[in-house]
Amino acid sequence: MTWLQAVVDASGLLAFVGFALGGVALGTASGLVPGLHANNFALLLAATAASIPADPLFVGVAMLTAGVVHTFLDIVPMLSLGVPDATMAISALPGHRLVLEGRGREALRLSAVGSGLAVAVALPLAVPITWAMTHAYPFVRAHLWVVLGGVVCLLVVTESSTEAIVGGLLSFGLAAALGWVTLDVTPEAPLGAGSMLTPLLTGLFGAPILIEAMGGGGVPPQADAKLTMARRDLGLTAGAGSIAGAIVGYLPGISAAIASVLALPAVSNDDPDRGFIVATSGANTANTVFALFALVALGTPRTGVMVAVDSTGVPLDVPVLLAAVILGAACGTLLVVVLGDRYLLTVGRADYTRVSLVVLTFLCLLSFAFTGLFGVLVFAASTVVGLVPPRFGARRVHLMGVLIGPLIVQ
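A. Just the overall build of the chain, in detail. Helix and strand counts for the chain come out as 17 helices and zero strands. Expressed as a percentage of its 410 residues, the buried residues of the chain come to 55%. Sequence-distant contacts, at least 24 apart, represent 83% of the contacts inside the chain between residues at least 6 apart. On the chain, roughly 16400 Å² of surface is accessible, and the fraction owed to carbon and sulfur atoms is 70%.

Structure (structure tokens):
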């Protein structure tokens, strides 16, 4: 190797690390800010990519790293404030039960382990699963309504009472109607980097919990961070989440939130709350990995981050992009532990009613910024629908009908 090659290699490595760390910072910001998603930053970055004096590959590294780190950290505001990221909405209630039991620190680490194991499972399986999904895609896509319909039936019939079953069906129907009416709308908004998922899912899953928690004690003191979930269950549940993330990573219009639903049958009845967190975190993170391989194999982006990568003209240099995924996963695991505990402690010391009002106001502003006045109205309607399940003693998971319903009937 000549001195010139050495200099070029060194500068390339420094550029990779610099852009990757920039992506870590963006993913941390989007993960810790309630209601924000990595897609927002990725699409804004794509809009300004032409003015960035750097190799498009490194811009893609920043986007991908931000997306991975976000999937680790989005559990933090969900546990602390009740405002989930779109892909973590399904685990909002189980996570809160653990926080109220003083096991929030454990929940954070379960999420980090679930996401980390999902990456470890996804990397060696990416090539064979990509090959299989490429061949099976037409059949799976044609019969997707059968799979989703089966999941819906399973969730309904496993409710604890007749009243809860009725509440589950009502919640699913209302959420599905809301999704059918609004998901395809492209409203005028101050920022063009959002989607209707922002007001829909923060309204359905986040705002109702904030409203119900007003006047309460907020986040109680948290106990130690020891993991009490059996290692075998932990590994199997994370693996199931990873496989679910793989399935939806190759299907158009299917988000990681749907992957979380598909992973539910693998959750052990012996410890459902912890299983929910591990499965949904695993599906969330694995979806980012497999969406990258779907873009390489099929040439079509399946997530907002991949849309940004594709529109920026990022070279699909798989080894470099996988290195960004691994670096993002390592940073995400560390940041969940370091920042998550402090986040819980800070919120626990605050006046929870005041915090809830501030966050609700912020969510309204966020809905306006990304989806305009129409989005604010959708946020309000979603909040009303989100208050329905608890009135019947039903689980909030039925509100995922906002995504599942439109997919079944399309």
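B. Highlighting the packing of helix α7 (residues 144-157) against helix α17 (residues 401-409). At a minimum axis separation of 9 Å, α7 and α17 run at an interaxial angle of 140 degrees. Of the possible angle classes, the one that applies to α7 and α17 is oblique. Every pair of crossing elements has a handedness; the one defined by α7 and α17 is left-handed. Across from W145, L148, G149 and V152 in α7, the residues of α17 making contact are I404, L407 and I408. In the contact of α7 with α17, the residues fall into six nonpolar, one polar and no charged.

C. View of the environment of G304. Take G304: it is sitting in helix α13 (residues 304-311). Residue G304 is classed as buried on the basis of its relative accessible area of 15%.

D. Here's a closer look at the pattern of salt bridges. In this structure the tally under the stated criterion is five salt bridges. A salt bridge links E106 to R103, with the shortest nitrogen-to-oxygen separation between them at 2.9 Å. Per residue, the accessibility class of E106 equals that of R103, and both read buried. Residues D341 and R105 are paired through a salt bridge, measuring 3.2 Å at the closest nitrogen-oxygen approach. Here D341, found in helix α14 (residues 318-349), pairs with R105, found in helix α6 (residues 104-142); they are 236 residues apart in sequence, far enough to count as distant. Beyond isolated ion pairs, a larger network of salt bridges with shared partners links R103, E106, D224 and R274.

E. Layout of empty space enclosed by the protein. Within the structure shown, the criterion is met by one cavity of 30 Å³ or more. Taken as a whole, the largest cavity encloses approximately 40 Å³ of empty space. Around the largest cavity sit V152, L155, V156, F172, V397, H398, M400, G401 and I404, which together line it. Within the residue set of the lining of the largest cavity, elements represented by two or more residues are α7 and α17. Among the elements that make up the lining of the largest cavity, the one with the highest residue count is α7 (three residues). Of the residues belonging to the lining of the largest cavity, the class tally is seven nonpolar, two polar and no charged.

F. Representation of helix α3 (residues 56-73) in the model. Over its 18 residues, α3 extends 26 Å from the first C-alpha to the last, a length consistent with the 26 Å expected when each residue adds 1.5 Å. For α3, the N-terminal cap is D55; the gap from its side-chain oxygen to the backbone nitrogen of L57 is 2.8 Å.

G. Quick peek at the packing of α3 against α13. In contact at an axis separation of 10 Å, α3 and α13 are set at 175 degrees when each is read in the N-to-C sense. If you check the angle between α3 and α13, you find them roughly antiparallel. Contact residues: M63, L64 and G67 in α3; V305, M306, A308 and V309 in α13. Here the residues of the contact of α3 with α13 sort into six nonpolar, one polar and no charged.

H. Representation of α14. Taking 1.5 Å as the rise per residue, α14 with 32 residues should run 46 Å; its terminal C-alpha atoms sit 45 Å apart, in good agreement. V336 marks where α14 bends most, by close to 30 degrees.

I. Region of the structure containing the packing of aromatic side chains. Scanning all chains against the criterion turns up one aromatic pair. Ring geometry for F19 and F58: centres 6.1 Å apart, planes at 20 degrees, overall stacked. Residue F19 is found in helix α1 (residues 3-32), and its partner F58 is found in helix α3; the two are separated by 39 residues along the sequence. Its relative accessible area of 24% is what places F19 among the partly exposed residues.

J. Spatial organisation of the environment of L387. Assignment of secondary structure puts L387 in the loop between α15 (352-386) and α16 (388-392). C-alpha separation for the pair L387 and L204, spaced 183 residues apart in sequence, amounts to 7.8 Å. Contact partners of L387, with chain neighbours within four places excluded, come to P208 and E212.

K. Representation of a nonpolar patch on the surface. A grouping of L13, V17 and L21 is seen on the molecular surface, where their side chains present a nonpolar patch of about 250 Å² in accessible area. As for its placement among the helices and strands, L21 is situated in helix α1. L21 gets classed as partly exposed once you look at its relative accessible area, which sits at 45%.

L. Highlighting the confidence of the model for the chain. This prediction gives the chain a mean pLDDT of 81; 85% of its residues lie at or above 70. For residues 1-8, every residue scores under 50 in pLDDT, and the model assigns this stretch two contacts once sequence neighbours within four places are set aside.

M. Summary view of the environment of P221. Note on placement: P221 falls in the loop between α9 (197-213) and α10 (231-249). Here P221 falls in the exposed class, since its relative accessible area comes to 75%.

Rules of the game
Residues numbered from 1 in each chain as written. Predicted model: local features only at pLDDT ≥ 70, side-chain atom pairs only at ≥ 80, totals over all residues. Heavy atoms only, no water. Helix = DSSP H or I, 4+ residues; strand = E, 2+ residues; numbered from the N terminus. Buried < 20%, exposed > 50% of the residue type's maximum accessible area, 1.4 Å probe, protein only. Contact = heavy atoms within 4.5 Å. Areas by Shrake-Rupley, 256 points an atom, 1.4 Å probe, with all protein chains shown as cover. Axes fitted to C-alpha atoms, helices over the stretch in contact; angles between N-to-C directions. Parallel < 35°, antiparallel > 145°, perpendicular 65-115°, else oblique. Left-handed = near helix turned anticlockwise from the far one by under 90°. Nonpolar A, V, L, I, M, F, W, Y, C, P; charged D, E, K, R; others polar. Salt bridge = Lys/Arg side-chain N within 4 Å of Asp/Glu carboxyl O. 1 Å grid on protein atoms, 1.4 Å probe; cavity = no way out; pocket = protein on both sides within 12 Å on 5 of 7 lines; lining within 4 Å. Points joined across faces, edges and corners; volume = space filled by probe spheres on them. Expected span 1.5 Å × (residues − 1). Polar contact = N/O pair within 3.5 Å; in protein donor to acceptor, adjacent residues only side chain to side chain. Bend = angle between axes of the 7 residues up to and from the residue. Phe/Tyr/Trp six-rings, centres within 6.5 Å; stacked < 30°, edge-to-face > 60°. Patch = residues over 30% accessible without salt bridge, like charges linked within 9 Å, V, L, I, M, F, W, Y side chains within 5 Å. pLDDT = per-residue confidence, 0-100.

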